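Letter by letter, the chains look like this.
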Amino acid sequence: MALLQQRRKIPSLSLASTAVNHRPILSLQTIPRPAVTTTITSSSSTAPISASDLERLQVLGHGSGGTVYKVLHKPTSTPYALKQIHSPAADSSSDNNTLQSELDILRRTTGSPYVVHCHAIFEKPSGDVSVLMEYMDLGSLETLLKSQGPFSEEKLAPIARQVLEGLDYLHKTHKIVHRDIKPGNLLMNNKKEVKIADFGCSSDESCSSSVGTCAYMSPERFDPERYGGSHNGYASDIWSFGVTIMELYMGYFPLLPKGQRPDWASLMCAICFGDVPCLPEGASEDFRSFLECCMHKEASKRWTAAQLLTHPFVCKAPSEECKPNLFDKKRKRDDDGVERSERSQKSIKVEVC
Ligand SMILES: Nc1ncnc2c1ncn2[C@@H]1O[C@H](COP(=O)(O)OP(=O)(O)OP(=O)(O)O)[C@@H](O)[C@H]1O
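Remember, it's a predicted structure, so these values are computed and weren't measured experimentally.

Asker: In this structure, what is going on with the side chain of Asn-189? I would like to understand it.
Answerer: When you line up the elements, Asn-189 lands in the loop between β9 (186-188) and β10 (194-196). Note on Asn-189: relative accessible area 6%, which makes it buried. For Asn-189, the side chain forms a polar contact with the main-chain nitrogen of Lys-191, separated by 2.9 Å. In this structure Asn-189 touches Met-136, Asp-137 and Leu-138, once residues within four positions along its chain are discounted.

Asker: Help me understand the pairing of strand β4 (residues 78-85), please; the structure alone is not making it clear to me.
Answerer: Two faces make up the sheet, and in a regular strand the side chains alternate between them. With eight bridges connecting them, strand β3 (residues 66-73) and β4 associate as antiparallel partners. Residue pairing for β4: Thr-67 is matched across the bridge by Gln-84. Counting the residues in the hairpin turn of β3 and β4 gives four residues, including Ser-77, whose phi is positive at 55°.

Asker: What am I meant to see in the site of the ligand here?
Answerer: Surveying the vicinity of the ligand reveals 21 residues, the closest of which are Ser-64, Glu-134, Met-136, Asn-185 and Asp-198. Glu-134 is positioned with one of its backbone polar atoms (N or O) 2.9 Å from a nitrogen atom of the ligand. Between the ligand and Lys-182 there is a distance of 3.2 Å, counted from an oxygen atom to a side-chain nitrogen or oxygen. The fraction of the free accessible surface of the ligand (600 Å²) that becomes covered by protein chains is 89%. Among the secondary structure elements, those contributing two or more residues to the shell around the ligand are β2 (54-62), β3, β4 and β6 (129-134). At three residues, β2 tops the list of elements feeding residues into the shell around the ligand. Residue assignment places the shell around the ligand across two domains, with domain 1 (51-134) and domain 2 (139-315) each supplying three or more.

Conventions used here
- Residues numbered from 1 in each chain as written.
- Predicted model: local features only at pLDDT ≥ 70, side-chain atom pairs only at ≥ 80, totals over all residues.
- Heavy atoms only, no water.
- Helix = DSSP H or I, 4+ residues; strand = E, 2+ residues; numbered from the N terminus.
- Buried < 20%, exposed > 50% of the residue type's maximum accessible area, 1.4 Å probe, protein only.
- Polar contact = N/O pair within 3.5 Å; in protein donor to acceptor, adjacent residues only side chain to side chain.
- Contact = heavy atoms within 4.5 Å.
- Pairing = 2+ DSSP bridges.
- Near = heavy atom within 4 Å.
- Areas by Shrake-Rupley, 256 points an atom, 1.4 Å probe, with all protein chains shown as cover.
- Domains from an automatic or database assignment.

In short, shape yes, function no, at least from these values alone.
Pasting the structure below:
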């Protein structure tokens, strides 16, 4: 097993709630010395924002890449989130490349309402980098799960739809694999908008990498030979998305018994050798079918974000615009000649309780 052999390279084993800080420490020594401010333009941001106009209000959270503050743009009284990325002295060109790749992705992905908008990037001569983002006032879905308890299907359907819209945008428009989809990286605001954040593990599709939070990694990222050969990272994002949605519904990480502390071995066994977990009684058939389409162990059998957007579970989400529901229409045949919708319905009986 390729990933078994690389066990020590896996940066983070834990669940969102106990995430371990294993992302590579970023070295910014090769960043150009002059102060640079990149203002990311969009229809919503007109005037450039100066770092000196920002007042720090409070810490929103700490991640492995840095600390996020709530800040106030004094001239407009607009709150923003400012992520300050650590810049330790130790030099590493690969870590610097990781940071530059994250910044590049932030600059490119401003065209979707389902990805947290980056307004500006401030790069100081010292090497410190700050990223000014839109402020998502309800915080992450991880925080909301802790404070409000599990989400109902009715609440999850529009959440799932928005995350899929974001993934579809990243995958199709930019060929970007997020690699760290989990409740802590999905942010919500008081308009019930949900957006994908944190591109610290992301890369283009062709880059093979074992970064990300281990608990949400797909079987083929642990064991490519057994679960899909040279897998594409898009399908891995879909697996992580499925685990995330299931966790938000069940209230705990669904691949381990409730309360079990995750360690690398138990996670690896559960993800690679365990059955795909069952939803409890009371879950609708649409929801079961939806999660089953996300959580095929075999990467090639997982639906894409675009296909999942046509699934009745998200299409029936109230007051949401929906793409044409292709679920009942004749679908493209897969390699094995079984239509996805047929196979999905069949395997509900076999694989899902
Ligand atoms: N745009 C934002 N608006 C509001 N809160 C935010 C925003 N961005 C991040 N946060 C908060 O700050 C916390 C830290 O975010 P950050 O992206 O640095 O790390 P993380 O995703 O939680 O962890 P890791 O980087 O280890 O995956 C988040 O969990 C979230 O609660």
